[in-house]
Amino acid sequence: MTDTVILPPDGRRYGGGGRFIPPLLVIPFILYNVLALTLFGWQPQGWSTQLFTIPMVSGAAWSLTWGDVMLVVGLICLFFEVVKSTNTGRTSVFEHMASTALFVVFLIEFLLFAPAASSTFFILMMMTLVDVVAGFTISITGAGRDVTMGN
């Protein structure tokens with residue numbers, strides 16, 4: 001009788017603990033609310049305020065608004081959220097639940113809070129939805145590859 005020992009590849013974690021990292025898209029959520037309530041005086045139109053304009057070589061003028069900056073911050077956070085969702089540890093379940101809860105908070109605020117009635121907030125909310133869907137999709141796909149069936 002022989003004992004068969006199966007070892008996972010080096011550097012791979014299966015079901016390990018790891019640290020819980022809250023959803024990074026909470027950063028643009030908090031930043032949006034702070035700026036909407038302080039700088040823009042509860043008016044969603046403040047997000048279209050231009051920060052600066054740069055004349056381009058083509059002769060056109062490129063201007064950057066507060067909303068554009070907020071969306072760039074959201075995209076950077078979304079990138080790190082997708083990278084974070086590739087972890088298949090135990091904490092990833094809690095991170096996905098927290099991302100789902102953040103999406104629900106975004107949705108409630110969008111529907112009930114007047115300063116959130118802007119396209120900037122709507123696009124940030126869609127980023128959280130993409131985070132939720134991508135997180136679960138990546139986790140399910142990764143878990144399917146971690147499980148192998150033998151005959």
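This one's a predicted model, so the numbers in the text were calculated from it and none came from an experiment.

Draft legend 1. The arrangement of the nonpolar core in detail. Formed by 20 residues in total, the largest nonpolar core has its most connected members in Y32, W47, M70, F106, F121 and L124. For this core, the secondary-structure elements that each account for two or more residues are α1 (26-38), α2 (66-84), α3 (91-112) and α4 (119-146). Broken down by element, this core gets its largest block of residues, five residues, from α4. The contact partners of F121, leaving out residues within four places of it in the chain, are F29, Y32, F106, E109, F110 and A116.

Draft legend 2. Molecular detail of the side chain of S85. Tracing the backbone shows S85 in the loop between α2 and α3. Taking the relative accessible area as the measure of exposure, S85 reaches 5% and is therefore buried. Discounting chain neighbours no more than four positions away, the residues touching S85 are H96, A134, G135, I138 and S139.

Draft legend 3. The arrangement of the packing of α1 against α2 in detail. Close contact between α1 and α2 brings their axes to 9 Å; oriented N to C, the two are set at 160°. If you check the angle between α1 and α2, you find them roughly antiparallel. For α1 against α2, the interelement crossing comes out right-handed. Of the residues in α2, those touching α1 at I27, P28, L31, Y32 and L35 are W66, M70, V73, G74 and C77. Taken together, the residues of the contact of α1 with α2 break down into nine nonpolar, one polar and no charged.

Draft legend 4. Structural detail: the pairing of strand β2 (residues 61-65). Where strand β1 (residues 50-55) meets β2, five bridges bridge the pair, whose relative direction is antiparallel. Across the sheet, the residue bridging to P55 is A61, located in β2. As consecutive antiparallel partners, β1 and β2 are separated by five residues, and within that stretch G59 has a phi angle of approximately 100°, a positive value.

Draft legend 5. Quick peek at empty space enclosed by the protein. Within the structure shown, the criterion is met by one cavity of 30 Å³ or more. Estimates place the volume of the largest cavity at around 30 Å³. Together, E81, K84, S85, E95, H96, S99 and D131 line the largest cavity. The set of elements that each furnish at least two residues to the lining of the largest cavity consists of α2 and α3. Considered class by class, the residues forming the lining of the largest cavity number no nonpolar, three polar and four charged.

The rules behind the values
Residues numbered from 1 in each chain as written. Predicted model: local features only at pLDDT ≥ 70, side-chain atom pairs only at ≥ 80, totals over all residues. Heavy atoms only, no water. Core = buried A, V, L, I, M, F, W, Y, C linked by side-chain atoms within 4.5 Å. Buried < 20%, exposed > 50% of the residue type's maximum accessible area, 1.4 Å probe, protein only. Helix = DSSP H or I, 4+ residues; strand = E, 2+ residues; numbered from the N terminus. Contact = heavy atoms within 4.5 Å. Axes fitted to C-alpha atoms, helices over the stretch in contact; angles between N-to-C directions. Parallel < 35°, antiparallel > 145°, perpendicular 65-115°, else oblique. Left-handed = near helix turned anticlockwise from the far one by under 90°. Nonpolar A, V, L, I, M, F, W, Y, C, P; charged D, E, K, R; others polar. Pairing = 2+ DSSP bridges. 1 Å grid on protein atoms, 1.4 Å probe; cavity = no way out; pocket = protein on both sides within 12 Å on 5 of 7 lines; lining within 4 Å. Points joined across faces, edges and corners; volume = space filled by probe spheres on them.

No statement about biological role is implied by the geometric values presented.
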